[in-house]
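One letter stands for each residue in the lines below.
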Amino acid sequence: MRRFGPFALGVIELVALVLVANWVGFGWALLLLLGTSILGVALLRVEGLRAWQELRAAAADGRFPQDEPESVEATSARMADTGARILSGVLLTFPGFVTDIIGLVLLIPPIRRSVGRRLAASAFRTFPGRRGPGMGGLGRPGGPGGPGGSGVQHGVVIEGEVVDSDLPNDQR
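Definitions and limits used
Residues numbered from 1 in each chain as written. Predicted model: local features only at pLDDT ≥ 70, side-chain atom pairs only at ≥ 80, totals over all residues. Heavy atoms only, no water. Helix = DSSP H or I, 4+ residues; strand = E, 2+ residues; numbered from the N terminus. Buried < 20%, exposed > 50% of the residue type's maximum accessible area, 1.4 Å probe, protein only. Areas by Shrake-Rupley, 256 points an atom, 1.4 Å probe, with all protein chains shown as cover. Core = buried A, V, L, I, M, F, W, Y, C linked by side-chain atoms within 4.5 Å. Expected span 1.5 Å × (residues − 1). Arc of directions from axis to C-beta. Polar contact = N/O pair within 3.5 Å; in protein donor to acceptor, adjacent residues only side chain to side chain. Contact = heavy atoms within 4.5 Å. Lys, Arg positive; Asp, Glu negative; His and termini not counted. Salt bridge = Lys/Arg side-chain N within 4 Å of Asp/Glu carboxyl O. pLDDT = per-residue confidence, 0-100.

Trainee: Quick question: what am I supposed to make of the overall build of the protein chain here?
Mentor: The secondary structure content of the protein chain amounts to 5 helices and 0 strands. Reading the helices (α) and strands (β) of the protein chain from amino to carboxyl end gives α-α-α-α-α. Residue burial in the protein chain is summarised as follows: out of 172 residues, 22% are buried. When the accessible surface of the protein chain is totalled, it reaches about 12700 Å², and 65% of it is carbon and sulfur.

Here it is as structure tokens:
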């Protein structure tokens, strides 16, 4: 299904364009597509600017989520909401009525929060890292990087030899 997903979406979008063009006229259908694309670009610009300003303000104040355990949940929720808004903007930017409808539905607050939580959970599964004070890379104490953890994550092993010499470079 993943292989044919973009093709299927393209076919569905084309069918939707033909149906809407038959209903309201081809010119109006193109004008609607252009309008939603402009709305998507504006939404991306506003959300990107807001996220950048929040990041700069937090860095200027020295506030970081891992330093304030009580704010980790609030920060995660805000980031998830911003991620869902950005996804909505991206979907609105794509030409097509199906993606536009999905993008507009994502702007409804309860749906946006639900999708945002799922996006955040997916991101944490995809990019495991520190999720809070004393938490390892797997989200539990003692995981990689946590207390008692080795700090080593498994991956590609490169064999080599370490040469340590206290001699100056010219006497080696």
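Trainee: Would you mind going over the nonpolar core with me for this structure?
Mentor: Generally speaking, soluble globular proteins have nonpolar side chains that are buried together. Core analysis: the biggest nonpolar cluster contains 7 residues, these being A16, L17, V20, A21, A29, L33 and F97. Those elements that provide at least two residues to this core are α1 (5-24) and α2 (26-61). Ranked by the residues each element gives to this core, the list is headed by α1, at 4 residues.

Trainee: Just to check I follow, could you spell out α1 for this structure?
Mentor: In an α-helix, one turn spans 3.6 residues, which is why side chains three or four residues apart end up on the same side. Compared with the 28 Å implied by 1.5 Å per residue over 20 residues, the 28 Å span of α1 between its first and last C-alpha is a close match. Listed in full, the buried residues belonging to α1 are E13, A16, L17, V20 and A21. Looking straight down α1, one finds that the buried residues subtend no more than 130° of arc, so they occupy a single side. Seen from the buried face of α1, the exposed residues on the opposite side, beyond 90 degrees, are F7, L14, L19 and N22. Looking one or two residues beyond α1, the residue adopting positive phi is G25, at roughly 105°.

Trainee: For this particular structure, what's the right way to read the side chain of T99?
Mentor: With respect to the helices and strands, T99 occurs in helix α4 (residues 97-105). Classification of T99 by relative accessible area gives buried; the value is 5%. Within the structure, T99 has its side chain in polar contact with the backbone oxygen of G96 (distance 3.2 Å). Beyond its immediate chain neighbours, meaning those up to four positions away, T99 contacts L9, E13, L91 and F94.

Trainee: Even after reading the chapter, I still don't get the side chain of D100, so can you show me in this structure?
Mentor: Along the polypeptide, D100 turns up in helix α4. With no salt bridge to any partner, buried D100 finds its closest opposite charge in R112, at an N-O distance of 16 Å. Not counting chain neighbours up to four residues away, the residues in contact with D100 comprise L33, T36, L91, L92 and F94.

Trainee: Which parts of the structure should I look at to understand the confidence of the model for the protein chain?
Mentor: Low-confidence regions, as indicated by low pLDDT, have predicted coordinates that should not be scrutinised in detail. On average, the protein chain scores 75 in pLDDT, and the residues at 70 or more come to 70%. Below pLDDT 50 for its whole length, residues 131-146 participates in 31 contacts with residues either more than four positions away or in separate chains.

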